Amino acid sequence: MPELPEVETTRRGLLPHAGGRTIVALRVYDPRLRWPVPPTLEGLLAGRRIDAIERRSKYLLFRVGEGALLVHLGMTGSLRVHTRPPPRRPHDHVDLLLDDGTVLRYHDPRRFGAMLWAPAPVEAHPLLAALGPEPFDPTFDAAYLRSVTKRRRAAIKLALMDNHLVVGVGNIYANESLFRAGIRPTTGAHRVTARRLARLVDEVRSTLEEAIAKGGSTLRDYVDSAGEPGYFQLDYFVYGREALPCRVCGTPIRAIRQGGRATYYCPNCQR
Ligand SMILES: [Zn+2]
């Protein structure tokens, strides 16, 4: 599933090819995504200039004037740049045609993604309005995290994955950040001290930054490439490493379930 680093890499891959260009047409071959692609969308986009491509959580926002085209990649979606578009393949659902002939092609086998219009003010769109701060935003700091966790008895991992508190910390990154911060994922959020939360903020950022940096080497996958963009394989400390020795202390990594998701931790390094 595309996580924040893949979405950010997509944004950076699209920007030099689509930023500042004018949209000529939107061709919807199959509108049946998570929500139907609105029939009014082409009329809202055609003839408009893409002023900026931004990311909010895992949403891409193509700013056109006051509104924006809002794209989510769902479980299996990808958005690719074609300077000489090849014939459509199965699961190529939408083409965005630009004034220089470039095509942005949306491909999504499972069709859990979204392509919607967000009118001004874009931030008030129902999918965006309740989102917490971005992990790289200066407002996401230890004091903030303490203020939103001090009365939460839920496990710190579940708090970290709650989009109302902070966006973009998916399961892999929550597992890895908690390992790096030395915090056991099952600890009640209210019991994690401000000092340890400060460490956690740093580790969330560095884990995501490393994944985005890895993505940088795959940027060309988004342009005129036949293959699917890959998902970044970090050298995980704990994720997917059940019963394997901890890379730091050698203790076997434990796997449990939390909120329906797999949690991995080192019982020695994380307390
Ligand atoms: Zn360990």
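Structure: above.
Owing to the predicted nature of the structure, the values given are computational and were not obtained by experimental measurement.

Draft legend 1. Summary view of the overall build of the protein chain. If you tally the helices and strands in the protein chain, you get 6 helices and 10 strands. Relative to its 271 residues, the protein chain shows a buried fraction of 51%. Considering only intrachain contacts with a sequence separation of at least 6, the fraction spanning at least 24 residues in the protein chain is 67%. Of the roughly 12200 Å² of accessible surface on the protein chain, 52% is carried by carbon and sulfur atoms. Here the protein chain contributes 40 positive and 28 negative side-chain charges, whose respective centroids are spaced 8 Å apart.

Draft legend 2. Region of the structure containing the side chain of Glu176. By the element assignment, Glu176 lies in helix α5 (residues 171-181). Of the buried charged residues, Glu176 lacks a salt bridge, with Arg180 as the closest side chain of opposite charge at 4.9 Å. At 2.9 Å, the side chain of Glu176 and the backbone nitrogen of Val238 are in polar contact. When near neighbours in sequence (up to four residues on either side) are disregarded, Glu176 contacts Thr207, Asp235, Tyr236, Phe237, Val238 and Tyr239.

Draft legend 3. Looking closely at the sheet that holds strand β2 (residues 52-56). Taken together, the 4 strands give an open sheet; going across it, the order is β2-β3-β4-β8, and neighbouring strands pair in antiparallel fashion. Sheet topology places β2 and β8 (114-118) at the edges, where each strand pairs with a single neighbour. On average, each strand axis in the sheet is inclined to that of its neighbour by 25°, with strand direction left out of account. Bridge count for strand β4 (residues 67-72) against β8 is 5 bridges, and the pairing is antiparallel. Bridge pairing links His72 to Ala114 in β8. The strands that helix α1 (residues 4-18) touches are β2 and β3 (59-64); relative to β2, the one it contacts most, it runs at about 175°.

Draft legend 4. A look at the sheet that holds strand β6 (residues 92-98). Read across the open sheet, the 4 strands follow the order β1-β6-β7-β5; overall the sheet is antiparallel. A strand with exactly one partner marks an edge of an open sheet, and here the two such strands are β1 (23-28) and β5 (78-82). Strand-to-strand twist of the sheet, defined as the mean angle between neighbouring strand axes without regard to direction, takes the value 20°. Judged from the 5 bridges that link them, β1 and β6 form a sheet pairing that is antiparallel. Pairing of Leu26 across the sheet is with Leu96, part of β6. Of the strands in this sheet, β5, β6 and β7 (103-107) touch α1, which is tilted by about 30° from β5.

Draft legend 5. View of the nonpolar core. Ranked by size, the top nonpolar core spans 26 residues in total, and within it Leu45, Phe62, Val71, Leu79, Leu104 and Met115 carry the most contacts. Once residues lying within four places of it in the same chain are set aside, the contact partners of Leu104 are Leu14, Ala18, Phe62, Leu79, Arg80, Val81, Val94, Asp95, Leu96 and Leu98.

Draft legend 6. Spotlight on the coordination of the zinc ion. Taken together, the protein ligands of the zinc ion are Cys246 (SG), Cys249 (SG), Cys266 (SG) and Cys269 (SG), with distances of 2.2 to 2.4 Å. Around the zinc ion sit 4 donor atoms, and with donor-metal-donor angles ranging over 100 to 112° the site reads as tetrahedral. Going along the chain, you hit the donors of the zinc ion in the pattern C-x2-C-x16-C-x2-C. Placement of the pair is Cys246 in the loop between α6 (194-216) and β9 (254-258) and Cys266 in the segment after β10 (261-265), with a sequence separation of 20 residues. Accessibility assignment for this pair places Cys246 and Cys266 in one class, buried.

Draft legend 7. Geometry of the pairing of β9. Sheet topology places β9 next to β10; 5 bridges connect them, and they run antiparallel. Among the inter-strand pairings, Ile256 is bridged to a residue of β10, identified as Thr263. Between β9 and β10, which pair antiparallel in sequence order, lie 2 residues; one of them, Gly259, sits at a positive phi of approximately 55°.

Draft legend 8. Broad picture of unusual backbone geometry. A cis amide bond links Ala120 to the next residue, Pro121, at an omega of -10°. Within the secondary structure layout, Pro121 lies in the loop between β8 and α3 (142-149). The phi torsion at His91 lies on the positive side, around 75°, for a residue other than glycine. Checked against the element boundaries, His91 lands in the loop between β5 and β6.

Draft legend 9. The packing of aromatic side chains, seen in detail. Inspection of the entire model under this criterion finds 4 aromatic pairs. Centre to centre, the rings of Phe179 and Phe237 are 5.0 Å apart; their planes meet at 20°, and the pair counts as stacked. Taken together, the positions of Phe179 in helix α5 and Phe237 in the loop between α6 and β9 put the pair 58 residues apart, joining distant regions of the chain. Aromatic pair Tyr236 and Tyr239: ring centres 5.3 Å apart, planes at 75°, arrangement edge-to-face. When its relative accessible area of 26% is taken as the criterion, Tyr239 is described as partly exposed. Ring pairing ties together the aromatic residues Tyr236, Tyr239 and Tyr264, which thus form one cluster. Directly above the ring of Tyr29 sits Arg88, whose terminal nitrogen or CZ lies 3.7 Å from the centroid.

The rules behind the values
Residues numbered from 1 in each chain as written. Predicted model: local features only at pLDDT ≥ 70, side-chain atom pairs only at ≥ 80, totals over all residues. Heavy atoms only, no water. Helix = DSSP H or I, 4+ residues; strand = E, 2+ residues; numbered from the N terminus. Buried < 20%, exposed > 50% of the residue type's maximum accessible area, 1.4 Å probe, protein only. Contact = heavy atoms within 4.5 Å. Areas by Shrake-Rupley, 256 points an atom, 1.4 Å probe, with all protein chains shown as cover. Lys, Arg positive; Asp, Glu negative; His and termini not counted. Charge placed at Lys NZ, Arg CZ, Asp CG, Glu CD. Salt bridge = Lys/Arg side-chain N within 4 Å of Asp/Glu carboxyl O. Polar contact = N/O pair within 3.5 Å; in protein donor to acceptor, adjacent residues only side chain to side chain. Pairing = 2+ DSSP bridges. Axes fitted to C-alpha atoms, helices over the stretch in contact; angles between N-to-C directions. Core = buried A, V, L, I, M, F, W, Y, C linked by side-chain atoms within 4.5 Å. Donors = N, O, S within 2.8 Å, 3.2 Å for Na, K, Ca; no water. Tetrahedral: all angles 85-135°; square planar, octahedral: opposite > 155°, others 65-115°. Phe/Tyr/Trp six-rings, centres within 6.5 Å; stacked < 30°, edge-to-face > 60°. Lys NZ or Arg CZ within 6 Å of the ring centre and 35° of its normal.

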